[in-house]
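Structural features, examined
Listed below are the residues making up each chain.
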Amino acid sequence: MIFTLYVLLGLAIVSTEALRFSRCRSIDALTLFNGTYFLFLVFVPLNVIILGEAAVRQKYVYQQFGYGDETTAMALLACYLLFIVGYAVKKSTVRKSAARSCHSFESGKGGACSAYLHKTATQISITFLLIGFIGLSYHTALMGEVVEVIKNAPYVRSGEFGLEGKWLFLRQLSVFVSTALILFWAVYDSKKKVSIIDTGLMLIMIIVFVYYALSTYGRREFWYLVILCSLVSFMAGNGFKYRQLALFIFGFVLWFVSLTLNSFEAFAPQTNVANAAIAASYFKYVYLNTIQGLGDTFMHFVGMQHASLWQFGFLADIAGIPLEFVPSSLFGFERGRGFFGDTSEFFLGHPLAQGLSGEEPPGFHGYLLVNFGYIGMFLLFLLLGLISKVLDNVLRPGRSNDAVAWLIYLWMVFLFLEFFREGALVLVLKPRASWWLAIGLLIYAKRNFEKNRNQFQPESASPA
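Residues numbered from 1 in each chain as written. Predicted model: local features only at pLDDT ≥ 70, side-chain atom pairs only at ≥ 80, totals over all residues. Heavy atoms only, no water.

Quick look at the overall build of the protein
On a plain count of helices and strands, the protein comes out with 22 helices and zero strands. In the protein, which comprises 464 residues, the proportion classed as buried is 49%. Considering only contacts in the protein between residues 6 or more positions apart, those separated by 24 or more positions represent 77%. Of the roughly 22700 Å² that the protein leaves accessible, carbon and sulfur atoms contribute 67%. (Helix = DSSP H or I, 4+ residues; strand = E, 2+ residues; numbered from the N terminus. Buried < 20%, exposed > 50% of the residue type's maximum accessible area, 1.4 Å probe, protein only. Contact = heavy atoms within 4.5 Å. Areas by Shrake-Rupley, 256 points an atom, 1.4 Å probe, with all protein chains shown as cover.)

Considerations on the pattern of salt bridges
Under the counting rule described, the total for this entry stands at seven salt bridges. In this structure, Glu17 engages Arg20 in a salt bridge whose closest nitrogen and oxygen atoms are separated by 3.1 Å. Of the two residues, Glu17 and Arg20 both sit in helix H1 (residues 2-22), three residues apart, roughly one turn of that helix. Relative accessible area serves as the criterion here: at 8%, Arg20 is assigned to the buried category. For the salt bridge of Glu324 with Lys430, the shortest nitrogen-to-oxygen distance reads 3.4 Å. Of the two residues, Glu324 sits in helix H16 (residues 321-324) while Lys430 sits in the loop between helix H21 (426-429) and helix H22 (433-461), which places them 106 residues apart along the sequence. You can call Glu324 partly exposed: its relative accessible area is 21%. A cluster of three or more residues bridged by salt bridges with shared partners is formed by Glu17, Arg20 and Asp28. (Salt bridge = Lys/Arg side-chain N within 4 Å of Asp/Glu carboxyl O.)

Some details on helix H19 (residues 364-395)
With 32 residues, H19 should cover 46 Å at 1.5 Å per step; its first-to-last C-alpha distance of 23 Å lies more than 12% under that length. Of all bends in H19, the biggest is about 120°, found at Phe372. (Expected span 1.5 Å × (residues − 1). Bend = angle between axes of the 7 residues up to and from the residue.)

What to know about the packing of helix H2 (residues 29-51) against helix H20 (residues 403-422)
Two numbers describe how H2 lies on H20: the axes approach to 10 Å, and their chain directions differ by 25°. Between H2 and H20, the crossing angle belongs to the class labelled roughly parallel. Handedness of the crossing formed by H2 with H20: right-handed. Of the residues in H20, those touching H2 at Ala29, Leu32, Phe33, Thr36, Tyr37, Phe40 and Leu41 are Tyr409, Leu410, Val413, Phe414, Phe416, Leu417, Phe420 and Arg421. In terms of residue class, the contact of H2 with H20 is made up of 13 nonpolar, one polar and one charged. (Axes fitted to C-alpha atoms, helices over the stretch in contact; angles between N-to-C directions. Parallel < 35°, antiparallel > 145°, perpendicular 65-115°, else oblique. Left-handed = near helix turned anticlockwise from the far one by under 90°. Nonpolar A, V, L, I, M, F, W, Y, C, P; charged D, E, K, R; others polar.)

Re unusual backbone geometry
For Trp310, which is not glycine, the phi torsion reads 60° and is therefore positive. By secondary structure assignment, the location of Trp310 is in the loop between helix H14 (296-304) and helix H15 (316-319). The phi dihedral of Leu315 falls on the positive side, at around 50°, and the residue is not glycine. The topology assignment puts Leu315 in the loop between H14 and H15.

Quick look at the nonpolar core
Core analysis: the biggest nonpolar cluster contains 122 residues, and Tyr37, Phe298, Phe381 and Trp411 have the highest contact counts within it. Ranked by residue count, the leading element in this core is H20, at 14 residues. Once residues within four sequence positions are removed from consideration, Tyr37 is found in contact with Leu9, Ile13, Val42, Leu76, Cys79, Tyr80, His365, Phe381 and Phe420. (Core = buried A, V, L, I, M, F, W, Y, C linked by side-chain atoms within 4.5 Å.)

Remarks on the environment of Ser114
By the secondary structure assignment, Ser114 is in helix H5 (residues 112-143). The exposure class assigned to Ser114 is buried, which follows from its relative accessible area of 11%. In this structure the C-alpha to C-alpha distance between Ser114 and Ser190, which are 76 residues apart in sequence, comes to 9.4 Å.

Description of the side chain of Thr36
Among the secondary structure elements, Thr36 is positioned in helix H2. Separated by 2.9 Å, the side chain of Thr36 and the backbone oxygen of Leu32 make a polar contact. Once you skip the residues sitting within four places of it in the chain, Thr36 turns out to touch Leu41, Leu417 and Phe420. (Polar contact = N/O pair within 3.5 Å; in protein donor to acceptor, adjacent residues only side chain to side chain.)

What to know about the confidence of the model for the protein
With 82% of its residues at a pLDDT of 70 or more, the protein has an overall mean of 82. Taken as a whole, residues 263-269 scores under 50 in pLDDT and shows eight contacts with residues more than four places along the chain or in a different chain. Overall, residues 459-464 carries pLDDT values under 50, and its contacts beyond four positions in sequence, including any with other chains, amount to zero contacts. (pLDDT = per-residue confidence, 0-100.)

Description of the packing of aromatic side chains
In this structure the tally under the stated criterion is 29 aromatic pairs. An angle of 55° between the planes, with centres 6.2 Å apart, marks the rings of Phe184 and Tyr188 as tilted. Taken together, the residues Phe184 and Tyr188, both in helix H8 (residues 176-190) and four residues apart, mark about one turn of the helix. Measuring from ring centre to ring centre gives 6.4 Å for Phe312 and Phe339, while their planes differ by 85°; the resulting arrangement is edge-to-face. With Phe312 in the loop between H14 and H15 and Phe339 in helix H18 (residues 339-348), this residue pair connects regions lying 27 residues apart in the sequence. Per residue, the accessibility class of Phe312 equals that of Phe339, and both read buried. In this structure, Arg432 is placed above the aromatic ring of Trp435, and the distance from its NZ or CZ to the ring centre is 4.9 Å. (Phe/Tyr/Trp six-rings, centres within 6.5 Å; stacked < 30°, edge-to-face > 60°. Lys NZ or Arg CZ within 6 Å of the ring centre and 35° of its normal.)

Some words on a nonpolar patch on the surface
Together, Val85, Val89, Leu382, Leu383, Leu386, Ile387, Val390, Leu391 and Val394 give the surface a local cluster of nonpolar side chains, amounting to about 680 Å² of exposed area. Put simply, the parts of the chain that give the nonpolar patch at least two residues each are helix H4 (70-89) and H19. In terms of residue count, the dominant contributor to the nonpolar patch is H19 (seven residues). As for its placement among the helices and strands, Val89 is situated in helix H4. (Patch = residues over 30% accessible without salt bridge, like charges linked within 9 Å, V, L, I, M, F, W, Y side chains within 5 Å.)

A few points about H18
The α-helix winds at 3.6 residues per turn, so residues separated by three or four positions along the chain end up facing the same way. Burial within H18 is extensive, with seven of its ten residues counted as buried. Those residues of H18 lying buried are Phe339, Phe340, Gly341, Thr343, Ser344, Phe346 and Phe347. In the stretch just after H18, Gly349 is the one whose phi turns positive, near 85°.

A short note on the environment of Phe339
You can call Phe339 buried: its relative accessible area is 11%. In this structure, Phe339 is in contact with Phe312, Ala316, Asp317, Pro362 and Tyr367, ignoring residues within four places of it in sequence.

Take a look at the structure:
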């Protein structure tokens, strides 16, 4: 029965997209939401049901509650259907003629606004690259040299390799490298002709970003960039580029190599084991590791179904957000785990060891459930569908070839999807602060351009 419910949820998602495709709808926020919902809450549960405990990282949750029951599947199905109903209530108001709306960057004669915004975006990209380079340089100085940074990246990420210093917060600036590359990618895609300087700057940004990805062991960070850059090019109608192919290839290499290094001893060739068996075991390990990484949202909801209302406080995570932006190393205080400490202990069955990472956020469904109960969760999904459509109308570009505007739109969609995955607002605000800053600067620059132009036009139209 439970397997059938997840199949029905998958069919509902596929049917929704098939209907939209038949009506010639383009890829938008709902398409990405449907893909995310299917991946995290259909594909993963089916794998967990079939493969069992080997497909999850939350062993304690699985041992206590398994993969949930019919209530779990029915709640996920109801949430999805209510979201779709809310999304369908508000009709689309995006038109190709909406050139002067707040989500378009091509207003003005001769594309003056577009040219100004592309210049501003390039300046922001270069500034962000320099800010990120400061963070990378400090991180490298702490580790000693480049090779040591890459070699010990997994242990730094887990907290096993402790770093000390008064200015540790500077390491957080490294993420600006990623934002710089994504933004400049959109500008680069928008240009009909690119100069040698443009190409050289793009190459520098890619090299610095690759080092950043290796230094942080951030596979998710890398794939976010690849997906965002690819979607920007596709949705702006600029086609697939060779540099995208290079990023995809590197992404797969990074993915497989990192998994291989983690399991080298387990899968090292042995004289008494056939190579085919070793290869099969390795690819099984890669597949299970991938499912485990995708399965946190589902398993967290399974666990949260057995937590009591307000067990972790009512919206307790919000109270701790301001402190997350205060550098603890600089001001000499110890920042506790707070809300994450409570949820992690619930999912793991024991408190996290001091100094180690691995916090377990509740996931979006779980977050709503423990704060608002089932009725509140259902009502909020209905409201969320309506709000998502309103924001889609406001942010989706009116012109298909407006790459920078498409990037702002996709950034906002990804921020929502990340909140959907994690269910913790601070994980959308703090690690993605560079996205928020870039969005704010671009919108401010456009508004400032239009304000100045509107002030100038009456004067230029007056008789001499």
